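As a plain string of letters, each chain reads:
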Amino acid sequence: MRRKTPIPPSPLPQRHGVDPVRVRLPAAGTWGTVREHLVERLSGAGGGVVDGMFAAGRIVGADGRPVTADAPFVPGMFVWFHRDLPDEVPVPFPVAVVHRDEHIVVADKPHFLATTPRGSHVAETALARLRRELDLPALTAAHRLDRLTAGLVLFTVRPEERGAYQTLFRDRRVRKEYEAVAPYAPALALPRTVRSRIVKERGVLTAREVPGEPNAVSRVELVEHRDRPGGPGGLARYRLSPATGQTHQLRVHMTALGVPILGDPLYPEVTAPGPAGDFRRPLQLLARSLEFTDPVTGEEHRFRSGRVLAAWASYDRWAAGTYDGPSDGQ
């Protein structure tokens, strides 16, 4: 059995809480130089961008020294570089820390903030912010919340322990409870457990239910309901307990029940994206609680978000986009 080549430590420090990009050259190929491979691999950036990075000495090897554009292609070689960060509109809400010890950080993420760097959201993410604010460059996320969903996220302090905490989520040993504000449907019999098969295709914004063996299970309970101020129909606050973790699972299931979550730009219909920096009317979905047995210490953890969903606290102001009450309008 062949042993895996260990990955060398990064010779570059983080920037703005963001790790450098690490590229391992393939074990075989027809490229003559490192540049030829990177131009092909990073085709979206364009050859001129890659050449500029070489000229500026921004692509380095394991020893931290710049790799030249004519450096020969060496199978298995590692190179690192920092990508140019996209222009990001700052999300004007803090990331609250609910718990911190030598093993984990539990954060209460606001709406509109991505959990980890991805796509056009890099430095303006919960992970990058916490790395900077807590001076914890090795911090990693054990799981993720959608950018539009607020609430509790578990981060690990020590990279060697990350797998143990990720296994909790993989093996469904974390008890998760969400809260949502959606229309009240008197004829909807609750509580109930929704089971369906959900697929999310790459490049498609929305997930959808399809026939087949269920892979998504959600418990839906009605907490309370009341009249909708200034409008027809009623509002309800729901407790949602997912037993699985399919993409957009709770949003899809609530829509299928005929009570789509307020502020959802994708379900039941995709709406045009708002302008950059528009933080009005956030999706009314909150990861309210996390409960689990710590795989490292054996301690029983129970964490709860302190956020208030704006549409429940003040529906008319949420609908007008002017709510600025508890938890920074979230």
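Definitions and cut-offs
- Residues numbered from 1 in each chain as written.
- Predicted model: local features only at pLDDT ≥ 70, side-chain atom pairs only at ≥ 80, totals over all residues.
- Heavy atoms only, no water.
- Helix = DSSP H or I, 4+ residues; strand = E, 2+ residues; numbered from the N terminus.
- Buried < 20%, exposed > 50% of the residue type's maximum accessible area, 1.4 Å probe, protein only.
- Contact = heavy atoms within 4.5 Å.
- Areas by Shrake-Rupley, 256 points an atom, 1.4 Å probe, with all protein chains shown as cover.
- Lys, Arg positive; Asp, Glu negative; His and termini not counted.
- Charge placed at Lys NZ, Arg CZ, Asp CG, Glu CD.
- Salt bridge = Lys/Arg side-chain N within 4 Å of Asp/Glu carboxyl O.
- Pairing = 2+ DSSP bridges.
- Arc of directions from axis to C-beta.
- Phe/Tyr/Trp six-rings, centres within 6.5 Å; stacked < 30°, edge-to-face > 60°.
- Lys NZ or Arg CZ within 6 Å of the ring centre and 35° of its normal.

Asker: Sorry, what's going on with the overall build of the protein chain here?
Answerer: Counting its secondary structure elements, the protein chain contains 8 helices and 13 strands. Projected onto its principal axes, the C-alpha coordinates of the protein chain cover approximately 70 × 45 × 45 Å. Within the protein chain, the proportion of its 330 residues that are buried is 42%. For the protein chain, contacts bridging at least 24 residues in sequence account for 62% of all contacts bridging at least 6. Surface summary for the protein chain: the accessible area is close to 16900 Å², and the carbon and sulfur share equals 50%. Separation of charge centres in the protein chain, based on 45 positive and 37 negative side chains, amounts to 4 Å.

Asker: Can you walk me through the pattern of salt bridges in this structure?
Answerer: When the charged atoms of two side chains lie near each other, side chains of opposite charge can form a pair. Per the counting criterion, the structure on display carries 20 salt bridges. The residue R239 makes a salt bridge to E221 at a minimum N-O spacing of 3.5 Å. Taken together, the residues R239 in strand β11 (residues 234–242) and E221 in strand β10 (residues 216–227) connect sequence positions 18 residues apart. Looking at R239, the relative accessible area reads 28%, which means it is partly exposed. Among the charged side chains, a salt-bridge network with shared partners connects E179, E224, R237 and R288.

Asker: How do you make sense of the pairing of strand β2 (residues 78–81) when you look at a structure like this?
Answerer: Here β2 shows a buried face lined by F78 and W80 and a second buried face lined by V79 and F81. Note: strand β1 (residues 21–24) against β2, 4 bridges, orientation antiparallel. Directly across from V23, in β2, lies its bridge partner V79.

Asker: Explain helix α1 (residues 34–41) here, please?
Answerer: Residue pairs spaced three or four apart in an α-helix point in one direction, given the helix's 3.6 residues per turn. Listed as buried for α1 are V34, H37 and L38. Summarising the axial view, the buried residues of α1 lie within an arc of 95°, below the 170-degree limit, and thus occupy one face.

Asker: Looking at this model, I keep getting lost on the packing of aromatic side chains. Mind explaining?
Answerer: Each aromatic ring pair is specified by the distance between its two centres and by the angle formed by the two planes. Per the counting criterion, the structure on display carries 6 aromatic pairs. Consider the rings of F292 and F303, whose centres lie 6.1 Å apart with planes at 50°: the pair is tilted. You can see F292 sitting in strand β12 (residues 285–293) and its partner F303 sitting in strand β13 (residues 300–304), a full 11 residues away along the chain. For F292, a relative accessible area of 0% gives the class buried. On the basis of relative accessible area, F303 is assigned to the buried category, the value being 9%. Through a chain of ring-to-ring contacts, three or more aromatic side chains come together here, namely F93, F112 and F279. Of note, R226 hangs over the ring of W312, and the distance from its end group to the ring centre comes to 3.7 Å.

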